[in-house]
Amino acid sequence: MTRLPSMTAARAAMLLGALLGGSAASSIARAAESEQVAAVEESLAGQRYVAIGSSFAAGPMLPPAKGGAPARCGQSMNNYPTLLAERFGMILTDRSCSGATTNNVLGPWGDIPPQINAVTPQTRLVTVTIGGNDLNYIGNLFTATCIQRAKQLPHGAKRPSCGTVKVPTEVEYARDEMQMMEIARRIRTVAPRARLVFVQYLTPLPQPGGLCPATPVSEEHAAITRRIGQRLSEITGRVAQTYGAIVVEMNQSSAAHTPCDTLPWMIGSPEGYDGSQGLQWHLNFAGMQATANDIGWWLTRAGVKQAKPVLPVQPQSIPSGTPTIVVPPAVPGTTPKAVPSPTPTSTATPASGAGRPRR
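This structure is a prediction, so every number in the text was calculated from the model and none was measured. (Residues numbered from 1 in each chain as written. Predicted model: local features only at pLDDT ≥ 70, side-chain atom pairs only at ≥ 80, totals over all residues. Heavy atoms only, no water.)

1. Let's talk about the pattern of salt bridges
Side chains that differ in charge, positive against negative, can pair when their charged atoms come close.
Okay, step 1: Per the stated rule, a full pass over the model turns up 10 salt bridges.
Okay, step 2: Between R195 and E42 there is a salt bridge whose closest N-O contact spans 2.6 Å. Of this pair, R195 sits in strand β5 (residues 195-199) while E42 sits in strand β1 (residues 42-43), placing them 153 residues apart in sequence. Both residues of the pair, R195 and E42, belong to the buried class.
Okay, step 3: Residue K66 pairs with D94 through a salt bridge whose shortest N-O separation is 2.7 Å. Of this pair, K66 sits in the loop between α3 (55-58) and α4 (80-88) while D94 sits in strand β3 (residues 91-94); the two residues are 28 residues apart in sequence, bridging distant segments of the chain.
Okay, step 4: On the basis of relative accessibility, which here comes to 15%, the residue K66 falls in the buried class.
Okay, step 5: Residues joined in a network through salt bridges with shared partners are E182, R185 and R186. (Salt bridge = Lys/Arg side-chain N within 4 Å of Asp/Glu carboxyl O. Helix = DSSP H or I, 4+ residues; strand = E, 2+ residues; numbered from the N terminus. Buried < 20%, exposed > 50% of the residue type's maximum accessible area, 1.4 Å probe, protein only.)

2. What to know about helix α7 (residues 170-190)
Okay, step 1: With 21 residues, α7 ought to run about 30 Å at 1.5 Å a step, and its terminal C-alpha atoms sit 30 Å apart, in line with that.
Okay, step 2: All of the buried residues along α7 are Y173, D176, E177, Q179, M180, M181, I183, A184 and I187.
Okay, step 3: In this structure, the buried residues of α7 make contact with β2 (48-53), α5 (102-106), β4 (123-129), β5 and α8 (219-242). (Expected span 1.5 Å × (residues − 1). Contact = heavy atoms within 4.5 Å.)

3. Topic: the packing of α7 against α8
Okay, step 1: Look at α7 against α8: their axes get within 10 Å of each other, and the N-to-C directions meet at 35°. Between α7 and α8 lies a crossing of right-handed hand. Between α7 and α8, the contacting residues are E170, Y173, D176, E177, M180, M181 and A184 on the first element and R227, I228, R231, L232, I235, T236, R238, V239 and T242 on the second.
Okay, step 2: Across the contact of α7 with α8, the residue classes break down as eight nonpolar, two polar and six charged. (Axes fitted to C-alpha atoms, helices over the stretch in contact; angles between N-to-C directions. Left-handed = near helix turned anticlockwise from the far one by under 90°. Nonpolar A, V, L, I, M, F, W, Y, C, P; charged D, E, K, R; others polar.)

4. Structural notes on the packing of aromatic side chains
Okay, step 1: Enumeration according to the criterion identifies three aromatic pairs in this entry.
Okay, step 2: Residues W297 and W298 carry aromatic rings whose centres are separated by 5.1 Å and whose planes lie at 90° to one another, so their mutual orientation is edge-to-face.
Okay, step 3: Through successive ring pairs, a cluster of aromatic residues spans F56, Y137 and Y201.
Okay, step 4: Across from the ring centre of W109, 4.7 Å away, lies the NZ or CZ of R72, which sits over that ring. (Phe/Tyr/Trp six-rings, centres within 6.5 Å; stacked < 30°, edge-to-face > 60°. Lys NZ or Arg CZ within 6 Å of the ring centre and 35° of its normal.)

5. Brief notes about the state of the cysteines
Okay, step 1: Within the structure shown, the criterion is met by three disulfides.
Okay, step 2: One disulfide in the model links C146 with C162; its S-S distance is 2.0 Å. Since a negative S-S torsion denotes a left-handed disulfide, the C146-C162 link at about -70° is left-handed. Taken together, the residues span a long stretch of sequence, with C146 in helix α6 (residues 139-151) and C162 in the loop between α6 and α7 at a distance of 16 residues.
Okay, step 3: Between C212 and C260 runs a disulfide, and the two sulfur atoms are separated by 2.1 Å. Note on the C212 and C260 pair: the S-S dihedral is about -90°, so by sign convention the disulfide is left-handed. (Disulfide = S-S within 2.5 Å.)

6. A closer look at the pairing of β2
Okay, step 1: Across the six residues that make up β2, a large majority, five, are buried.
Okay, step 2: Note: β2 against β3, four bridges, orientation parallel. For R48, the partnering residue across the bridge sits in β3 and is I91.
Okay, step 3: Bridging between β2 and β4 involves six bridges; their strand directions are parallel. Across the sheet, the residue bridging to Y49 is L125, located in β4. (Pairing = 2+ DSSP bridges.)

7. Let's talk about the environment of L135
Okay, step 1: Among the structural elements, L135 can be located in the loop between β4 and α6.
Okay, step 2: For L135 and V167, which are 32 residues apart along the polypeptide, the C-alpha to C-alpha distance reads 8.0 Å.
Okay, step 3: In this view, L135 contacts N140, P168, E172, Y173, D176, I228 and L232; residues no more than four positions away in its chain are not counted.

8. Notes on the side chain of Q115
Okay, step 1: Note on placement: Q115 falls in the loop between α5 and β4.
Okay, step 2: With sequence-adjacent residues up to four places away left out, Q115 is seen in contact with I52, G53, R95, S96, C97, A100, N104 and V105.

9. A word on helix α10 (residues 285-301)
Okay, step 1: Between its first and last C-alpha atoms α10 spans 24 Å; for 17 residues at 1.5 Å apiece the expected length is 24 Å, and the two agree.
Okay, step 2: Most of α10 sits inside the fold, with 13 of its 17 residues counted as buried.
Okay, step 3: Here α10 starts with a cap whose side-chain oxygen sits 3.1 Å from the backbone nitrogen of A286, and that cap is N284.
Okay, step 4: Of the residues one or two after α10, G303 is the one with positive phi, at around 105°. (Polar contact = N/O pair within 3.5 Å; in protein donor to acceptor, adjacent residues only side chain to side chain.)

This is how it looks when you write it as structure tokens:
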């Protein structure tokens, strides 16, 4: 695999161009740009890909379940690591596990070995979605939902024990960042040729004033959740920048696809939801597909060739304010459940350009 030109060579080219000036400078700049584009063009087909992360990468209860992984990890055959590996023809080692913290990436979790142990010198791609459970990011939403619904119970009814919504301390934020820095450092040390991609958590709640029945939490608890999400995204961005990794800003591209939007990428906690399309407060199939799309966009921008073409996504015509779950492909050998299918309108882009990650 050819590498990017060194920083010294690139700076030397710019300096020489500046000294020559005019058309000569432009020619040198174009030549350097062409060399850089050519240098990064490669195929990852047949190469090793390791997915590290928590439930937002694993896809708990999103059908069909993936065999071979510990049952408590809740891995789905439609999680974004699997969709991404298929697109680029890579050999996937999926170590994502629901409930995982940074401790479980760096060290064992009971009978589950450290996720980072799967990274070897032969690894060519590592994606990471971690840090949220260290701060009770999504766990707080389950607690807040329980508290909100308990308030709505009739007088005299037995109320569940919901616990409390936790606000992270500055020490906890600092520790989360330190742990994520260590994860990135170890990956870079063990697999220096691997492309490292940090994937931000999707946005689970709409902006203030936009809560809906699918997001049954109080504004107070929603504000706590939004603040944790913001701090977590800042931490992830700093870690990626420090170690020269790509950061895929799914927090931004999903902001218009919350459980309260017409085409949600997360399920929320709708009243009476049966869990058939994924765990509450987690990604549905559309969210996993969008995440794979955005990661794939950045990899192709960096010169990686796709092994499998991407089919265009058709949007659904749905009445405003009606949360919808995109149904994943059926499990082989089974009969899919019939669901209403609105008439497609026009071809949609994979994700909002405003939400494109930065490098």
